[in-house]
Amino acid sequence: MTAADDPPIARPTPDAAGDDLAILAELERRILWLATWTIHNANHNRDKPDGLKVGGHQASSASLATIMTALYFRVLRPEDRVAVKPHASPVFHAIQYLFGLQTRDKLERFRGFGGAQSYPSRTKDGDDVDFSTGSVGLGAAITSIASLVQDYVRAKDWSPDRPEGRMIALVGDAELDEGNVFEALLEGWKQGLRNTWWVIDYNRQSLDAVIREGLYGRFEEVFRAMGWDVVVLKYGHLLQAAFAEPGGERLRQWIDDCPNQLYSALTFQGGAAWRRRLEADFKGDNELLDLVGRRDDVELARLMTNLGGHDLPGLIEAFESIDHDRPVCFLAYTIKGYGLPLAGHKDNHAGLLTPDQMLTFRDAQGVREGHEWEPFEGVRLPEDRLRAFLERVPFAAAGGRRFQAARLPVPAALPAPDPRGKPMSTQEGFGKLLDQLAKDGGPLAERVVTTSPDVTVSTNLGPWVNRRGLFARSQMADVFRTENVASMQKWGMDPQGQHIELGIAEMNLFLLLGAIGLSHSLFGERLIPVGTLYDPFIQRGLDALNYACYQDARFILVATPSGVTLAPEGGAHQSIGTPLIGMAQDGLAAFEPAFVDELAAILGWSFDYLQRDGTDRPEDTWLRDETGGSVYLRLSTRPVEQPSRTVDPALRRAILAGGYWLRPPGPNCDVVIAYTGAVAPEAIQAAGLIAEDRRDVGVLAVTSADRLNAGWTAAQRARERGHEGGPAHVEGLLAEIPSHAGLVTVLDGHPATLAWLGGVHGHRVRALGVEHFGQTGTIQDLYRHYGIDADGIARAAQSVVPGRPIRHLSALG
Ligand SMILES: Cc1ncc(C[n+]2csc(CCOP(=O)(O)OP(=O)(O)O)c2C)c(N)n1
Ligand SMILES: [Mg+2]
């Protein structure tokens, strides 16, 4: 399907354009005013003892006001999705305010508690934010990744009547310093990116600095090399007309040669400075001196700052002339702080209009004191014309732009793979579980999308991919197969495929999980994303992971192998801190099962958890499970002896709540071993070793330190606030341990993950884990080296529980 097949877009007739332009120019004045006032008000007019300070918005917002006017009030269609540069949030909120989608109260509390956010936020702002922004570079990249998701949804023909939207990013020029932007560009090229526009706000300023000369040339080459159409919007209509005057060509040359710093400085100083400089530089050039002389200072300043990004008719023309679906980069020259007294000053990023400057600006906008928030105050056209215009703006005409998608039925329990009496790793179990799902089919299986940054086979997704195929918009044969070369992997691609293979860029993985995980809301089609990667490389994509969670995208992240347990595979790949990431990351429930039947219970639950939206009845767990979220599974390649048992509902509940007694502590217990994940055999073995000298040893299986901790924290907080309720899961579990007993905790990860267990009822704790990494060797070598083998655990038991020496240890000497 190409854009040419799309339903025709209703465009205003050319006759209407002139009229519309006058209205659009007024709207641009209004949003610049409202945005500037919003920030000013947050700083000066608020009776706040803590002196809330707002920097970094006024100049940065003004830079995009014209572009956003052209887009939101004219060019955009409801199906288009936009990521707005973080610091243009006040302009975004002002536009929403004029559409009636944002409240005055929220604007008045801009950046305050419960007020409009400093950076557009899907989850925290009440208005119509498509993509959150804030961490520069991510907003741009997610638009291209979301476009890929749109293609995926369309290829499946689930909702053929829904028009195809453009994924649009308004990008600060300094955002292109971020490497993830280029990773996304390259991935886009590989995937045949379409329907994506990036409008670069080329104001040649970042936070600290004025950017390097000639950067636009590099940008142009990069975008073209990646298959993008590049539209450079350098001069506005006024400048183009001036270039046609006698001597005008030399003015163009002068502008082209003018260093960024000088252009910015002259812009800041205004008309008289421009005149002085031009008269000095063009001494004796009468044509050019006449060109300058025909304009007064105000006109001259307006002319010299009439760059492409501030020229409404030029912008509209440029946007509306795109008649293809290839990605387009609009390189729009702008002035940071355009229309404000801060314009062009290199220090303006955090700059604010002084109260005096604000008064002058207010008067110039025709705004009366006390009427600052009125939407149409000071407009120079009849208000009803503006209102009527706003009512027919296509973007806002459809009302709500967020979709909802029905929940997919999830089987009550996924059958655990049968280990047939053999040891099995959680990674292998994961591969088998997905393979079974692929084989069984059904509505859930149809909507699972897997993805991996070049580690599909090594993370055990191969069997799933063999059954469900790789996705591409057009068919691509698996040449090895057509040539009859034997291979375990079927690597054919077609539109029905359900695996999206990515290049090795973890940022792209998390952006894709984020975009697929918002598909129900962005494109009205529920998808269940499952992404796999090596556990240590979570850190490579951490900001994008955080970003996906912040937007409330829903996905399952399967990280494998993990820890030092991957032993001989390479010291560089060992992860230590990821269990703590799992605990700390908001919106992500982290699990680290040891056994495959636990994994089956967790994965089955995850498919449902992903789809929850707060409408379920809250469970009595202290965990806010009814709101749903994403899931992180930290898995291992270590084959482990599997317990022979059936997971009954009580055990299942305990696994999901975060832990259960593998061996309950007896009445005379004085030591408990609490373990997580792949070290289960060592924990069990250690319990056996010390049993002779320590009675009734308990073994606690912790499937999720994250959820145990979250439940405990929530329960305490609730009690402090006077709410009634039962004990948190971990409180109940640990209540069975006599108070004199000691706890040894152990996992293949940072010891702090479980060390807090001692704080629940005040048990003494010795927390074992891994604090250093990089050694290779066998698992036994490394466990011994880091003291997480059975002897290490026994030694820790002896130190934490005074008493008779553990004879096994004395035998070791
Ligand atoms: C990943 C990240 N690093 C640093 C920042 C802090 N920061 C906010 S805006 C900005 C500069 C932005 O410059 P540009 O994109 O050109 O936008 P402009 O202010 O010129 O409109 C920086 C460094 C951030 N928001 N995100
Ligand atoms: Mg900039």
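Residues numbered from 1 in each chain as written. Chains lettered and ligands numbered in written order. Predicted model: local features only at pLDDT ≥ 70, side-chain atom pairs only at ≥ 80, totals over all residues. Heavy atoms only, no water.

A.B. asks: Sorry, what's going on with the overall build of the protein here?
C.D. replies: When helices and strands are counted, the protein shows 36 helices and 18 strands. In terms of overall dimensions, the protein is globule-like: its C-alpha atoms have a radius of gyration of 31 Å, near the 28 Å expected for 813 residues. Principal-axis analysis of the C-alpha atoms places the extent of the protein at approximately 105 × 70 × 50 Å. Considering the protein as a whole, with its 813 residues, one finds that 59% of them fall into the buried category. (Helix = DSSP H or I, 4+ residues; strand = E, 2+ residues; numbered from the N terminus. Rg over C-alpha atoms; globule rule 2.2 N^0.38 Å. Buried < 20%, exposed > 50% of the residue type's maximum accessible area, 1.4 Å probe, protein only.)

A.B. asks: How do you make sense of the coordination of the magnesium ion (ligand 2) when you look at a structure like this?
C.D. replies: Tetrahedral metal sites with four donors have an ideal angle of 109.5 degrees; octahedral sites with six donors have ideal angles of 90 or 180 degrees. Binding of the magnesium ion (ligand 2) to the protein goes through Asp173 (OD), Asn203 (OD1) and Gln205 (O), at separations of 1.9 to 2.1 Å. Mapped onto the sequence, the donors of the magnesium ion (ligand 2) take the spacing D-x29-N-x1-Q. The exposure class assigned to asparagine 203 is buried, which follows from its relative accessible area of 5%. Judged by relative accessible area, glutamine 205 falls into the buried class, the value being 3%. (Donors = N, O, S within 2.8 Å, 3.2 Å for Na, K, Ca; no water.)

A.B. asks: What is the right way to look at empty space enclosed by the protein in this model?
C.D. replies: The gaps of empty space that remain are located by a probe, the size of a water molecule, rolled over the atoms. As enumerated under the stated definition, the model contains six cavities of 30 Å³ or more in all. Counted as a void, the largest cavity has a volume near 110 Å³. Counting only elements with at least two residues in the lining of the largest cavity, the list comes to helix H26 (578–584), strand E12 (588–591), strand E13 (630–634) and helix H30 (705–720). For the lining of the largest cavity, a count of residues per class yields eight nonpolar, four polar and three charged. A volume near 70 Å³ is recorded for the second largest cavity. Lining the second largest cavity, in full, are Ser144, Ile145, Leu148, Asp151, Ala184, Glu187, Gly188, Gln191, Gly192, Leu193 and Arg194. For the lining of the second largest cavity, a count of residues per class yields four nonpolar, four polar and three charged. (1 Å grid on protein atoms, 1.4 Å probe; cavity = no way out; pocket = protein on both sides within 12 Å on 5 of 7 lines; lining within 4 Å. Points joined across faces, edges and corners; volume = space filled by probe spheres on them. Nonpolar A, V, L, I, M, F, W, Y, C, P; charged D, E, K, R; others polar.)

A.B. asks: How should the pattern of salt bridges be read in this particular structure?
C.D. replies: Close approach of charged atoms lets side chains of opposite charge pair. According to the stated counting rule, one finds 49 salt bridges in the structure shown. Two residues, arginine 250 and glutamate 287, come together in a salt bridge whose shortest N-O distance is 3.0 Å. With arginine 250 in helix H10 (residues 248–257) and glutamate 287 in helix H13 (residues 286–293), this residue pair connects regions lying 37 residues apart in the sequence. The closest approach of N and O atoms between arginine 275 and aspartate 297, which form a salt bridge, is 2.9 Å. In this pair, arginine 275 is assigned in helix H12 (residues 271–281) and aspartate 297 in helix H14 (residues 297–304), connecting sequence segments 22 residues apart. What makes arginine 275 buried here is its relative accessible area of 16%. On the accessibility criterion, aspartate 297 (33% relative accessible area) is partly exposed. Within this structure, Asp151, Arg154, Glu164, Arg194, Asp325 and Arg473 form a network of salt bridges that share partners. (Salt bridge = Lys/Arg side-chain N within 4 Å of Asp/Glu carboxyl O.)

A.B. asks: Looking at this model, I keep getting lost on the site of ligand 1. Mind explaining?
C.D. replies: In the vicinity of ligand 1 lie 18 residues, with Ser60, Lys85, Asp173, Gln205 and Lys336 positioned nearest. One of the backbone N or O atoms of glycine 134 is found 2.9 Å from a nitrogen atom in ligand 1. Within the complex, 76% of the 590 Å² of free accessible area of ligand 1 lies under protein. For the shell around ligand 1, the class distribution of residues is three nonpolar, nine polar and six charged. (Near = heavy atom within 4 Å. Polar contact = N/O pair within 3.5 Å; in protein donor to acceptor, adjacent residues only side chain to side chain. Areas by Shrake-Rupley, 256 points an atom, 1.4 Å probe, with all protein chains shown as cover.)

A.B. asks: In this structure, what is going on with the packing of aromatic side chains? I would like to understand it.
C.D. replies: Each aromatic ring pair is summarised here by two numbers: the centre-to-centre distance and the angle between the ring planes. For the structure on display, the rule yields 24 aromatic pairs. Relative to phenylalanine 330, the ring of tryptophan 197 lies with its centre 5.1 Å away and its plane at 70°, an arrangement referred to as edge-to-face. Residue tryptophan 197 is found in strand E3 (residues 196–202), and its partner phenylalanine 330 is found in strand E5 (residues 328–333); the two are separated by 133 residues along the sequence. Phenylalanine 330 carries the same exposure label as tryptophan 197, and that label is buried. Between the aromatic rings of tryptophan 712 and tryptophan 756, the centroid separation amounts to 5.5 Å while the plane-to-plane angle is 20°, which identifies the pairing as stacked. (Phe/Tyr/Trp six-rings, centres within 6.5 Å; stacked < 30°, edge-to-face > 60°.)

A.B. asks: I keep staring at a positive patch on the surface and nothing clicks. Help me out?
C.D. replies: Taken together, the side chains of Lys124, Arg624, Arg717 and Arg721 make up a positively charged region of the molecular surface. Within the element layout of this structure, lysine 124 appears in the loop between helix H5 (104–108) and helix H6 (138–155). (Patch = residues over 30% accessible without salt bridge, like charges linked within 9 Å, V, L, I, M, F, W, Y side chains within 5 Å. Lys, Arg positive; Asp, Glu negative; His and termini not counted. Charge placed at Lys NZ, Arg CZ, Asp CG, Glu CD.)

A.B. asks: Help me understand the sheet that holds strand E17 (residues 742–747) in this model?
C.D. replies: Strands in a sheet are paired, the pairing made by backbone hydrogen bonds, and the direction either parallel or antiparallel. With mixed pairing, five strands are arranged side by side in an open sheet as E14-E16-E15-E17-E18. Two strands in the sheet have a free side with no partner beyond their single neighbour: strand E14 (659–663) and strand E18 (764–768). Taken over all neighbouring pairs, the strand axes of this sheet differ in orientation by 25° on average, direction set aside. For strand E15 (residues 671–676) and E17, the ladder comprises six bridges, and the chain directions are parallel. Note that in E17 the partner of isoleucine 673 across the bridge is valine 744. (Pairing = 2+ DSSP bridges. Axes fitted to C-alpha atoms, helices over the stretch in contact; angles between N-to-C directions.)

A.B. asks: What should I look at first to understand the packing of H12 against H14 in this one?
C.D. replies: Between two packed helices, both the angle of their axes relative to each other and the distance between the axes serve to describe the pair. Packing of H12 against H14 brings their axes to within 7 Å, and their N-to-C directions diverge by 80°. By the angle between their directions, the pair H12 and H14 is classed as roughly perpendicular. Here Gly271, Ala272, Trp274, Arg275 and Leu278 of H12 come into contact with H14, specifically with Asp297, Leu300, Ala301 and Met304. Looking at side-chain class alone, the contact of H12 with H14 contains six nonpolar, one polar and two charged residues. (Parallel < 35°, antiparallel > 145°, perpendicular 65-115°, else oblique. Contact = heavy atoms within 4.5 Å.)

A.B. asks: Please clarify how helix H29 (residues 680–690) should be interpreted in this entry.
C.D. replies: Every α-helix carries 3.6 residues per turn, so stepping three or four residues along brings you back to the same face. Listed in full, the buried residues belonging to H29 are Ala680, Glu682, Ala683, Ala686, Ala687, Leu689 and Ile690. Buried residues along H29 sit against E14, E15, strand E16 (698–702), helix H34 (779–786), helix H35 (790–800) and helix H36 (807–812).

A.B. asks: Would you mind going over the sheet that holds strand E1 (residues 81–84) with me for this structure?
C.D. replies: With parallel pairing, the five strands of this open sheet are ordered in space as E1-E2-E3-E5-E4. Only two strands of the sheet have a single neighbouring strand rather than two, namely E1 and strand E4 (229–233). Averaged over all neighbouring strand pairs, the angle between strand axes comes to 15°, with direction disregarded. For E3 and E5, the ladder comprises six bridges, and the chain directions are parallel. Within E5, the residue paired with isoleucine 200 across the bridge is leucine 331. Contacts from helix H8 (residues 215–225) reach E3, E4 and E5 within the one sheet, and its direction differs from that of E3 by about 175°.

A.B. asks: Before we go on, may I ask you to explain the nonpolar core in this structure?
C.D. replies: In a soluble, globular protein the nonpolar side chains are often hidden away together inside. Within the largest apolar cluster, 89 residues are counted, with the highest numbers of intra-cluster contacts made by Trp198, Phe223, Leu251, Trp254, Met304 and Leu557. The element contributing the most residues to this core is H6, with 11 residues. Grouped together as the second largest cluster of nonpolar side chains are 76 residues, Leu434, Ala600, Ala701 and Ile788 included. (Core = buried A, V, L, I, M, F, W, Y, C linked by side-chain atoms within 4.5 Å.)

A.B. asks: Explain the confidence of the model for the protein to me, please; I cannot follow it from the model alone.
C.D. replies: For any part of a model where pLDDT is low, the fine detail of the predicted coordinates should not be relied upon. Summing up the model confidence of the protein, the mean pLDDT is 92 and the portion of residues at 70 or higher is 96%. Note on residues 1–15: pLDDT is under 50 here. Beyond four places in sequence and across chains, it has 20 contacts. (pLDDT = per-residue confidence, 0-100.)

A.B. asks: Help me understand unusual backbone geometry, please; the structure alone is not making it clear to me.
C.D. replies: Peptide bonds are trans in most cases, and residues, glycine excluded, mostly fall at negative phi. In this structure, proline 561 follows threonine 560 across a cis peptide bond, with omega equal to 0°. Structurally, the position occupied by proline 561 is in the loop between strand E11 (556–559) and H26.

A.B. asks: Explain the layout of surface pockets to me, please; I cannot follow it from the model alone.
C.D. replies: Put simply, the largest pocket is a space of about 1400 Å³. Taken together, 46 residues line the largest pocket, and the ones lying closest to its centre are Asp552, Arg554, Thr627, Gly628 and Gly629. If one sorts the elements of the lining of the largest pocket by residue count, H30 sits on top with seven residues. Approximately 1200 Å³ is the volume found for the second largest pocket. In terms of lining, the second largest pocket is formed by 36 residues, of which the most central are Arg302, Thr305, Tyr338, Gly339 and Leu340. The dominant element in the lining of the second largest pocket, judged by the number of residues it contributes, is helix H1 (residues 14–44), at five residues. Taken together, the residues of the lining of the second largest pocket sort by class into 18 nonpolar, 12 polar and six charged.

A.B. asks: Got a minute to help me understand the side chain of threonine 69 in this structure?
C.D. replies: Assignment of secondary structure puts threonine 69 in helix H3 (residues 65–75). Separated by 2.6 Å, the side chain of threonine 69 and the backbone oxygen of alanine 65 make a polar contact.

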